[in-house]
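Remarks on the overall topology
Here's the letter readout for the chains.
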2 protein chains.
Amino acid sequence: MKVVEDRVLADGKIGEGDVLKVDSFLNHQIDIGFLCEVGREFHRLFCNCGVNKILTIEASGIGIACMTAQFFNVPVVFAKKTKTVNIYGDVYTAKALSYTRDGYYDVTVAKEFISSSDNVLIIDDFLAKGNALRALISLICGAGAKIAGVGIVIEKIYQGGGDYIKSLGIRLESLAKISSMDKTGGVCFAE
Amino acid sequence: MKVVEDRVLADGKIGEGDVLKVDSFLNHQIDIGFLCEVGREFHRLFCNCGVNKILTIEASGIGIACMTAQFFNVPVVFAKKTKTVNIYGDVYTAKALSYTRDGYYDVTVAKEFISSSDNVLIIDDFLAKGNALRALISLICGAGAKIAGVGIVIEKIYQGGGDYIKSLGIRLESLAKISSMDKTGGVCFAE
C-alpha cells in the first residue's frame with residue numbers, strides 16, 4: 001500500500017538492532033487519519049471473509065484494530081501481555097518470545113471472548129519473526145475458532161515470520177513489505 | 001451519559017477488591033460501536049477547547065483515545081508503562097502507583113511528541129484514585145504543555161481521584177460517575 005510505504009520512507013527511522021522506529025505515526029504517537037486509511041484497506045482486503053471478531057495484542061495493535069473494526073462493525077479483543085487481577089477466571093495462555101524486550105512473556109485472552117463459532121481476523125502493527133503472532137494463533141486454535149487471516153501494517157519479509165504464517169495455510173496481507181533495511185541504504189520494499 | 005451507565009449496569013461485573021470488570025465491552029473485548037459513541041461525546045464536550053493532541057496510557061486507553069481522536073482529527077500519543085528498546089533518546093518520565101498490579105511503574109513519553117505548544121486532552125477508561133492520571137499530568141507539565149481537560153469513561157467518585165484533578169483547576173468530564181458499588185447493592189451512579 002503506497003500510503004504506508006511512503007510514510008515509512010518519510011518518517012521511519014532505523015535504530016540499533018534492526019529496529020524500525022515508526023513511533024511518530026504508528027506506535028507511540030498515532031496519526032489517526034493514516035490509521036483510518038489502514039483500517040479501510042484491511043476491510044477492503046478481508047471484507048468477504050465472514051470476519052466476526054478482530055484479535056490483536058496490546059499495546060500498539062489496539063488502535064489499528066479499533067480503526068479497522070469500525071469498517072467491519074465487529075468487536076475487538078486484545079490479548080494481554082501481563083496477567084493482572086482484572087483478568088480472572090478461565091483464560092487461554094500462550095508464551096511469546098519478545099523481539100524488543102528480553103525473554104518470554106505470557107499472552108492471555110479470557111476464554112469467554114473467543115469461541116469455536118468465531119472467525120477471527122488478526123491485526124498487528126509489525127511482523128518480523130512472528131513471535132507475537134504465533135502466540136495469537138495458538139490462542140485462537142486453543143479456542144477452536146477459525147482464522148480468517150492476518151493483517152499487518154509493516155512486515156520485514158527477510159525475518160521469516162510471514163513464511164511461517166503462510167506455511168500454516170493462513171492468508172497474510174501486509175500493507176508494506178520491507179525486503180531490506182540498513183542505516184546507509186535505508187528501507188527497501190519488496191515488489 | 002446514559003449509554004455508558006446502562007452498559008455498566010447490563011454488562012459490568014463487580015469483582016474482588018472493589019474492581020469493576022467491564023472487559024466484555026471496554027478493556028479486553030471492545031464494543032466498537034459503543035466506543036464510537038463515547039468518542040463522539042468527548043468531542044461534543046471538548047470541541048471548543050482548542051485540543052490539538054490526545055494523550056492516554058497503554059493499554060486500555062488507546063482504543064478510546066483513537067475513536068475520540070477521529071472526531072477531533074488530532075494525533076493520539078499513548079504513554080508507555082515499560083521502557084523498551086523502541087523508546088530511546090529523551091523521554092519524560094513519571095512514577096505511578098498501580099491500582100491493579102503491585103507497586104509502582106514508570107510512565108514515559110518521548111519528548112518529541114509533547115511540546116509547550118500543545119493543548120492536550122487526556123483520555124482514559126477509568127478514574128479511581130487517579131494514580132495514572134497524576135503521572136500523565138506530570139508528563140504534560142514537564143513538557144510545558146497546556147491541559148485542555150480530562151475525559152474519563154467511568155469514574156468511581158468515592159475514591160478521590162476526581163476531587164484531586166479538579167483541585168488542580170483541570171476540567172474533568174466523566175461519562176459515568178459511580179457513587180457506590182458492592183456485590184449485594186450493585187452499582188449506583190451519582191446525580
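Everything that follows concerns the structure shown earlier in this document.
Model, not experiment: these values are computed from the prediction.

Here we look at helix H4 (residues 131-142) of chain B
Residues and elements named next belong to chain B. Here H4 spans 17 Å end to end across 12 residues, near enough to the 16 Å set by a 1.5 Å rise per residue. Turning to H4, its buried residues are Asn 131, Ala 132, Leu 133, Ala 135, Leu 136, Ile 137, Leu 139 and Ile 140. Positive backbone phi, at 75°, marks Gly 144, one or two positions downstream of H4.

Observations concerning the packing of aromatic side chains
By the definition in use, this model includes 2 aromatic pairs over all chains. Summarising the aromatic geometry, the rings of Phe 25 of chain A and Phe 34 of chain A are spaced 5.3 Å apart at their centres and angled 90° between planes, so their arrangement reads as edge-to-face. The cationic tip of Arg 7 of chain B hangs over the ring face of Phe 34 of chain B; the distance from NZ or CZ to the ring centre is 5.6 Å.

Considering the interface of chain A and chain B
In this complex, chain A contributes 44 residues to the contact, which on the side of chain B involves 44 residues. When the two sides are added together, the surface that chain A and chain B hide from each other amounts to roughly 3,700 Å², 58% of it contributed by carbon and sulfur. At the junction of chain A and chain B, the tally comes to 2 salt bridges. For Lys 13 of chain B, the salt bridge identified is with Glu 112 of chain A, shortest N-O distance 3.7 Å. Looking at which element gives the most residues to the side of chain A that touches chain B, the answer is helix H3 (residues 60-72) of chain A, with 7 residues. Split by residue class, the side of chain A that touches chain B holds 21 nonpolar, 14 polar and 9 charged.

Some points on the side chain of Thr 56 of chain A
Its place among the elements puts Thr 56 of chain A in strand S4 (residues 53-57). The residues contacting Thr 56 of chain A, other than those within four sequence positions of it, are Gly 61, Ile 62, Ala 65, Val 76, Val 77, Phe 78, Ala 79, Ile 123, Asp 124 and Leu 136 of chain A.

Focus on unusual backbone geometry
Residue and element names in this part refer to chain A. With omega at 0°, the peptide bond leading from Glu 58 into Ala 59 counts as cis. Among the secondary structure elements, Ala 59 is positioned in the loop between S4 and H3. Positive phi, close to 55°, is recorded for Asn 73, a residue that is not glycine.

With respect to the pairing of strand S5 (residues 76-79) of chain B
Burial of S5 of chain B is two-sided: the residues Val 76 and Phe 78 of chain B facing one way and the residues Val 77 and Ala 79 of chain B facing the other way are all buried. As paired elements, strand S3 (residues 29-30) of chain A and S5 of chain B share 2 bridges and run antiparallel to each other. From the neighbouring strand, Ile 30 of chain A faces S5 of chain B, where its bridge partner is Val 76 of chain B. Across 4 bridges, the pairing between strand S4 (residues 53-57) of chain B and S5 of chain B is parallel. Counted as the bridge partner of Thr 56 of chain B is Phe 78 of chain B from S5 of chain B. In this fold, S4 of chain B hands off to helix H3 (residues 60-72) of chain B, which returns the chain to S5 of chain B; that crossover is right-handed.

With respect to the side chain of Asp 118 of chain B
All names here are of chain B. Note on placement: Asp 118 falls in the loop between strand S7 (104-110) and strand S8 (119-127). Relative accessible area serves as the criterion here: at 6%, Asp 118 is assigned to the buried category. Of the polar contacts made by the side chain of Asp 118, one reaches the side chain of Lys 53; its length is 3.4 Å. Ignoring anything within four residues of it in the chain, the contact list for Asp 118 reads Asn 52, Lys 53, Phe 113, Ala 145 and Lys 146.

Quick notes on the environment of Ala 110 of chain A
Residue placement: Ala 110 of chain A occurs in strand S7 (residues 104-110). Note on Ala 110 of chain A: relative accessible area 3%, which makes it buried. Through-space distance from the C-alpha of Ala 110 of chain A to that of Met 1 of chain A is 34 Å; in sequence the pair is 109 residues apart. If we ignore the near neighbours within four places in the chain, the residues touching Ala 110 of chain A are Asp 90 and Val 91 of chain A together with His 28 of chain B.

Focus: the relation of the copies chain A and chain B
When chain A is fitted to chain B, the residual RMSD is 0.0 Å, and the transformation amounts to a turn of 180° plus an axial shift of 0.0 Å. What we have between these two chains is a two-fold relation. A share of 100% of the interface residues of chain A reappears at the interface of chain B, consistent with the copies meeting face to face through the same patch.

Quick word on the pattern of salt bridges
Residue and element names in this part refer to chain A. Taken as a whole and judged by the stated rule, the model has 24 salt bridges over all chains. Residue Asp 31 is joined to Arg 7 by a salt bridge in which the shortest nitrogen-to-oxygen separation is 2.8 Å. Linking Asp 31 in the loop between S3 and helix H2 (32-46) with Arg 7 in helix H1 (residues 2-11), this pair joins segments that are 24 residues apart in sequence. The exposure class of Asp 31 is partly exposed, given its relative accessible area of 24%. It is possible to trace a salt-bridge network through shared partners that takes in Arg 7, Asp 11 and Asp 31.

So, how was this worked out
Residues numbered from 1 in each chain as written. Chains lettered and ligands numbered in written order. Predicted model: local features only at pLDDT ≥ 70, side-chain atom pairs only at ≥ 80, totals over all residues. Heavy atoms only, no water. Helix = DSSP H or I, 4+ residues; strand = E, 2+ residues; numbered from the N terminus. Expected span 1.5 Å × (residues − 1). Buried < 20%, exposed > 50% of the residue type's maximum accessible area, 1.4 Å probe, protein only. Phe/Tyr/Trp six-rings, centres within 6.5 Å; stacked < 30°, edge-to-face > 60°. Lys NZ or Arg CZ within 6 Å of the ring centre and 35° of its normal. Contact = heavy atoms within 4.5 Å. Buried area = accessible area lost by both parts, 1.4 Å probe. Salt bridge = Lys/Arg side-chain N within 4 Å of Asp/Glu carboxyl O. Nonpolar A, V, L, I, M, F, W, Y, C, P; charged D, E, K, R; others polar. Pairing = 2+ DSSP bridges. Right-handed = clockwise from strand over helix to strand, strands pointing away. Polar contact = N/O pair within 3.5 Å; in protein donor to acceptor, adjacent residues only side chain to side chain. Least-squares fit on C-alpha atoms with pLDDT ≥ 70 in both.

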